[in-house]
Amino acid sequence: MSDYYLLRTRPRLAAIIFFAVVVCGAGASEAQRLPASVVPENYKLQLEISISDKKFSGEETISVRVAQPVTEIVLNSLDLEITQAEVTSGGFTQTAKAAYDKPAEMARLALERRLAAGPATIHLKFSAPLTESLRGLYLSKSPRRAYAVTQFEGTYARMMFPCFDEPAFKATFDLAVVIDKGDNAISNGRSIADEPMGEVHKITFATSPRMSTYLVALAVGDWRCLEKNVDGIPIRVCAVPEKKDHGEFALEVAAYVVRYYNQWYGIRYPFGKLDMVAIPDYEWGGMENTAAIFYRDTALLLNEETASVAAKRGHATVVAHEIAHQWFGDLVTAAWWDDIWLNEGFASWMERKPIAAWKPDWNLELDDAASAQQIIGLDSLAAARPIHGDPKTSSEIKEMFDGITYQKGAAVLRMLEAYVGPEVFRRGVNQYLQEHANGNATSEDFWRALARVSGKPVDKIMPTFVMQPGVPVVSMAGECTSEKTSLRMEQQRFTVSGQPTSAQQWQVPVCLKMPGQKDAQCFLLAEKTQQFSLNSCPAWIFGNRGADGYYRMANAPAMLTRMAGAAEKELTPAERIALVEDAWAMTRAGKYPVGLFLDLAQAMRAERELPVINLLAAHLENIGASVVPENQRSKYDEFVRRQFAPLAAELGWSARSGESDERRALRARLLSVLGGAGDPDALAAARATQKKYMQQPGSVDPTLVAPAFAVAAHHAGPELYQDLYDSFLKAHTPDAYYQYLFALAAVPQPALAPRTLALVEQDKVRQQDYPSLFAALLSNPASRPAAWAYLKAHWDSLATKVTSFGGRGAISALGEFCSAAERDDVQQFFAAHRPPGAERTLQQSLERINQCIEFKQLQQANMAKWLAGEAKTGN
């Protein structure tokens, strides 16, 4: 249903976020629910838009049903000047007096004569400026010109036209626009008429499907499109003229995805056409407007000749995510924002299915497992929220668009699919869609449909994962007697902080894996403690077969050691991901000494699967940054080099003819981690790649460019910084722009950080990239003090330009701090400066800072002891 934030991460050594689309906030406004006494059925809306004058005006007639007599009509309006308001009912027209309630983002139309129940029309005229706020109807700028585009989710349609701006108030829309004669326009409906009017022309669109206001779309400019017909549906990828040809990849992906979804959903694509538009300056990675999906241009367009494997995978899944919403989110829409998880979690779960079928060598099923395990980390905070929220304000609605909504929602659905079976799950989804097509639905509607189709207690299991915060940890203890094991399982809420657990309880589908056993043994752990029986006495028990379960496993150290020895042969890559992440969670919580995790890493030196290596490398980098004493840094770096250098030598630093995308991506990750550990060969390869790219971008393997720049920048001096700076100012492609910008953010000299920050004031950084740039600067210890000082000094002005610093933006990056002084400074600043749309993110960042402080205290002595033993053995 919503806007997918595409995240491309650079190596942990600088924790550079390549770009992130983050949730936005609309200031401190209070979003109150509209009364249900007046319900819209159709909007006839005409807009006159002047991009050059930065303004627009509009006239609309809303056909409504009046449920009960009223003397006031309340609808949403924000920053619009309503110049005329009339209401007609029963052949009588009366003038309405508009009064604004800006804190509630409403306009109240007072009537002298009571409006009777039945049909009525509301006629309004209004006007407003075109702002550059990345919300409502706004100016989006390319280097060549400005465009007028919309971004309405969650509560911004009210910035373009007065409306009933809540998801449950679905209606049809008849839109017409008067625009400059050289421009065209794209909206939800097809263009059915184009009338010249001198220096302007009027484009009329066909009546839209029945939809919520936040799914209305409009893009005005000199768009150029590529087109393909799929199963009778015209699909277009549209962009600014100079970038049109970079839409070929997205068009190919969309064609495959639509065919796949037509089969999977059992419902043919439900709208008459599909447009995908690349917007030059856009808040989200993508927004699933009905039949007119808008994307940030860097999330939709790419040059296939120079794009990395990671870029292609990222673009393909974003396209698949947004198209998935056309059924699950647009055809059927959540009744209120408290259930936005269902649509976003579903699209996040679904997005990889068609791409995995299209590109099986990308091994995207392992990304599912890794994503599920990683979001458990966020869900292990005491400040974690339930999937199902209770948002009341615009800011709270925006804060719902976070990892809990997307990744936890997807992970819980993944567990549910494994529990009921893939085909049963698909039939349940299809029944849900058919029952609620063109309407609204709730979480309860969804899991009731799955329970009916599966015959399993889905409606009992799902509320325990959706309606309460946190994640369960399952511990097991077994006793073998007469070749049978009496197994005792216990559940409680897991928190990394080790705070006392609550009385929460889940119904957890648990499946076990044991050596030599082909069939799974599955149980439903519905009580705090339960007894189960096994017909064998296995040497080890892996408690999350397939890594499908959404829970942590608390393995005894001896059991972990036995599983580590068997992991390569006995566990699948997804299960090895879960094994690593469970062990890391126990290490962070102080349940294991850090040396036990490092021993696990050593036992998995033969690992060759990219997602497993990604996680191992990330955690080793985290350990190096947080608990390794500076005087023992060289010993630890030597350990990291021994861990990964043999695999790097096997792969080599140059791409080989015919090798898979996975091997290329693995080489890139090894370049990152070994470069961070000072491996001479990796450093030389990174510097050579960086220099070659700066001289001739198309001459190097694109998959290596991002880690090469990160490594080179991490070791850069003033001379390289100046070269990067000059190249950034001359960058002519999105790839080059991002490579140089985030390389500048990774340079290790604190004195150079103010020069990078000055690019913001000089308008050299795109507004959409402010959050990710500040996140990168705050994640770099060298630039962190300057970035934090800049944010504090410019907070009020940045708040008017930045959609939000929540989500994965700067406030989230504050969680990289790791001292009591920094934590206290953050607390003091935000005691006086409210972070709209990021209040919970702030709580979570403060908790993460405390966790880092505690992790140091708990594990530094263990780290020193392990390193001393490592130095003696030389392993």
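Residues numbered from 1 in each chain as written. Predicted model: local features only at pLDDT ≥ 70, side-chain atom pairs only at ≥ 80, totals over all residues. Heavy atoms only, no water.

Novice: So, the pairing of strand β3 (residues 38–50): which residues are in play, and what are the values?
Specialist: Here 12 bridges tie β3 to strand β4 (residues 55–66), and the two strands are oriented antiparallel to one another. Within β4, the residue paired with Asn42 across the bridge is Ser63. Linking β3 to β4, which pair antiparallel, is a turn of four residues; within it Lys54 sits at a positive phi near 55°. Relative to strand β13 (residues 172–180), β3 runs parallel, the two sharing seven bridges. Residue pairing across strands places Leu45 opposite Leu175, the latter belonging to β13. (Pairing = 2+ DSSP bridges. Helix = DSSP H or I, 4+ residues; strand = E, 2+ residues; numbered from the N terminus.)

Novice: Would you mind going over the environment of Pro270 in detail, with residue names and values included?
Specialist: Tracing the backbone through its elements, the reader meets Pro270 in the loop between α1 (248–264) and β20 (274–279). The exposure class of Pro270 is partly exposed, given its relative accessible area of 28%. Expressed as a C-alpha distance, the spacing of Pro270 and Ala324, which sit 54 residues apart in the sequence, is 11 Å. (Buried < 20%, exposed > 50% of the residue type's maximum accessible area, 1.4 Å probe, protein only.)

Novice: Explain the state of the cysteines to me, using residue names and the numbers behind them.
Specialist: Across all of its chains, the model carries four disulfides by this definition. A sulfur-sulfur separation of 1.7 Å characterises the disulfide bridge that pairs Cys480 with Cys537. Looking down the S-S bond of the Cys480 and Cys537 bridge, the torsion is 85°, so its handedness is right-handed. Taken together, the positions of Cys480 in strand β25 (residues 471–481) and Cys537 in the loop between β29 (529–534) and β30 (552–554) put the pair 57 residues apart, joining distant regions of the chain. The partly exposed category is assigned to Cys480, whose relative accessible area is 45%. Note on cysteine connectivity: Cys511 is disulfide-linked to Cys522, with sulfurs 2.0 Å apart. Negative torsions about the S-S bond denote left-handed disulfides, and the value of about 105° found for Cys511 with Cys522 makes this one right-handed. Remark: Cys522 occurs in strand β28 (residues 521–525) and Cys511 occurs in strand β27 (residues 508–512); sequence separation between them is 11 residues. Looking at Cys511, the relative accessible area reads 22%, which means it is partly exposed. Ordinal numbering of bonded cysteines along the protein chain defines a disulfide pattern of 1-2, 3-6, 4-5, 7-8. (Disulfide = S-S within 2.5 Å.)

Novice: Can you explain the sheet that holds strand β17 (residues 218–221)? Please cite residues and give values.
Specialist: Read from one edge to the other, the open sheet built from four strands follows the order β11-β12-β17-β14, with strand pairing classed as antiparallel. Unpaired on one side and paired on the other, β11 (136–141) and β14 (184–187) mark the two borders of the sheet. Between one strand and the next, the sheet's axes are offset by a mean angle of 15°, whatever the strand orientation. Taken together, the six bridges between β11 and strand β12 (residues 146–151) define a ladder with antiparallel strand orientation. Looking at β12, one finds that Leu137 is bridged to Thr150. (Axes fitted to C-alpha atoms, helices over the stretch in contact; angles between N-to-C directions.)

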